[in-house]
Amino acid sequence: MIRHIAMFTWTAEATDEQKAAVATALNELPGLIPQIRSFAAAPDAGINQGNYDFAVVADFDSADDFLVYRDDPRHQAVIAERIKPILASRAAAQLSL
């Protein structure tokens, strides 16, 4: 199994509407990309200071399934149209579990 973790910090200019649009668009992907085994995308809970603003955790049966998700044009559109315009920083890892 491959677990993909991505974390984002938004720009100071990012609006609540833009942030909500990222969550909405990302959370539509499991219904569109059948290779996704499980998926969670949400803002940080605000428990600790200094955390990233938003995170995605997604599980896939194989590296090939992750690559299908990564390269899917609908996923790429979310990145280009929703995430990149408000992105200050990103960190990601893929874990083999």
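Residues numbered from 1 in each chain as written. Predicted model: local features only at pLDDT ≥ 70, side-chain atom pairs only at ≥ 80, totals over all residues. Heavy atoms only, no water.

Structural notes on the pairing of strand S3 (residues 54-60)
Right, on to step 1. Within S3, five of the seven residues are buried, which leaves the element mostly enclosed by the surrounding structure.
Right, on to step 2. Inspection of the sheet shows strand S1 (residues 2-10) paired to S3 by seven bridges, in the antiparallel sense. Bridge pairing in S3 places Arg3 opposite Asp59.
Right, on to step 3. Two elements, strand S2 (residues 36-43) and S3, share seven bridges in a ladder whose sense is antiparallel. Counterpart to Ala40 in the pairing with S3 is Val57. (Buried < 20%, exposed > 50% of the residue type's maximum accessible area, 1.4 Å probe, protein only. Helix = DSSP H or I, 4+ residues; strand = E, 2+ residues; numbered from the N terminus. Pairing = 2+ DSSP bridges.)

Thoughts on the side chain of Asp59
Right, on to step 1. Position of Asp59 relative to the elements: it lies in strand S3.
Right, on to step 2. Residue class for Asp59 comes out buried when judged on its relative accessible area of 7%.
Right, on to step 3. Apart from residues no more than four positions distant in its own chain, Asp59 is found in contact with Met1, Ile2, Arg3, Gln35, Ile36, Arg37 and Ser38. (Contact = heavy atoms within 4.5 Å.)

Quick notes on the sheet that holds strand S4 (residues 87-96)
Right, on to step 1. Sheet architecture is open: four strands sit in the order S2-S3-S1-S4, paired in antiparallel fashion. Looking at the sheet topology across the chains shown, the edges are occupied by S2 and S4. Taking each pair of neighbouring strands and ignoring which way they run, the sheet shows an average axis angle of 10°. (Axes fitted to C-alpha atoms, helices over the stretch in contact; angles between N-to-C directions.)

Some remarks on the pattern of salt bridges
If the charged atoms of two oppositely charged side chains come close together, the side chains can form a pair.
Right, on to step 1. Applying the stated criterion to the full structure yields four salt bridges.
Right, on to step 2. The salt bridge involving Asp61 is made with Arg37; its shortest N-O contact spans 2.5 Å. Taken together, the residues Asp61 in the loop between S3 and helix H2 (63-71) and Arg37 in strand S2 connect sequence positions 24 residues apart. (Salt bridge = Lys/Arg side-chain N within 4 Å of Asp/Glu carboxyl O.)

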